[in-house]
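# Notes for the structure review
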Amino acid sequence: EKLLSIKPQYYKFLLKNSKVGDIVYFGTYEQDNDTTNGKEDIEWLVLAKEKNRVLVISDKALDCQPYNSSYTEEVTWEKCSLRKWLNNDFINSAFSDDEKAMIPTITVSADKNPEYDTDPGNATQDQVFLLSIVEARKYFASSEARMCVPTAYAISNGLYTSGRYSK
């Protein structure tokens, strides 16, 4: 059941009482590619809970952005344009000031890629980030489980689909 018009002070209660596997609603972002009806609530899947924090991942591919705005070999997470976009443009578009204040800044470890000998770079301090390969495999057991449904907005911004979700 969709939760509408929730005051920010109640988000902590809802997140605290969520369980791994639950869907929680937090923030808004354009998803149906119809800006006349406003942004839609973002659905987040609860992956883990520890102490007073929850690790969540968006239930859908919300947008289409390159890992880095220009082709440069061996661009690490620390230096890529996607990191800057997530922690500036996306966070400011998707969340109110009260909501942003609830998103902790955490240390994002620079996990080595288990299949390729690439430089993982340095750990970073971020509020919004992508799962590492290690984390993605931990929380999603198969390649199929790691696939997600794109929003109409993401497709309109150039997200490649294998045909199932394209128009």
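Residues numbered from 1 in each chain as written. Predicted model: local features only at pLDDT ≥ 70, side-chain atom pairs only at ≥ 80, totals over all residues. Heavy atoms only, no water.

Summarising the sheet, strand S2 (residues 40-50) and strand S3 (residues 53-58) pair through 6 bridges and their orientation is antiparallel. Within S3, the position partnered with tryptophan 44 by the bridge is serine 58. The hairpin formed by S2 and S3 contains 2 residues between the paired strands, and lysine 51 there has a positive phi angle of roughly 50°. (Pairing = 2+ DSSP bridges. Helix = DSSP H or I, 4+ residues; strand = E, 2+ residues; numbered from the N terminus.)

Another point: the sheet that holds S3. Taken in spatial order, the 3 strands line up as S1-S2-S3 in an open sheet, and their pairing is antiparallel. Two strands lie at the open edges of the sheet, namely strand S1 (23-29) and S3, each paired on one side alone. Across the sheet, the axes of successive neighbouring strands diverge by a mean angle of 45°, strand direction being ignored. The sheet contact formed by S1 and S2 spans 5 bridges and is antiparallel. Each residue of the ladder has a partner; that of tyrosine 25, found in S2, is glutamate 43. Packed onto the sheet, helix H2 (residues 81-94) meets S1 and S2 and runs at close to 90° relative to S1. (Axes fitted to C-alpha atoms, helices over the stretch in contact; angles between N-to-C directions. Contact = heavy atoms within 4.5 Å.)

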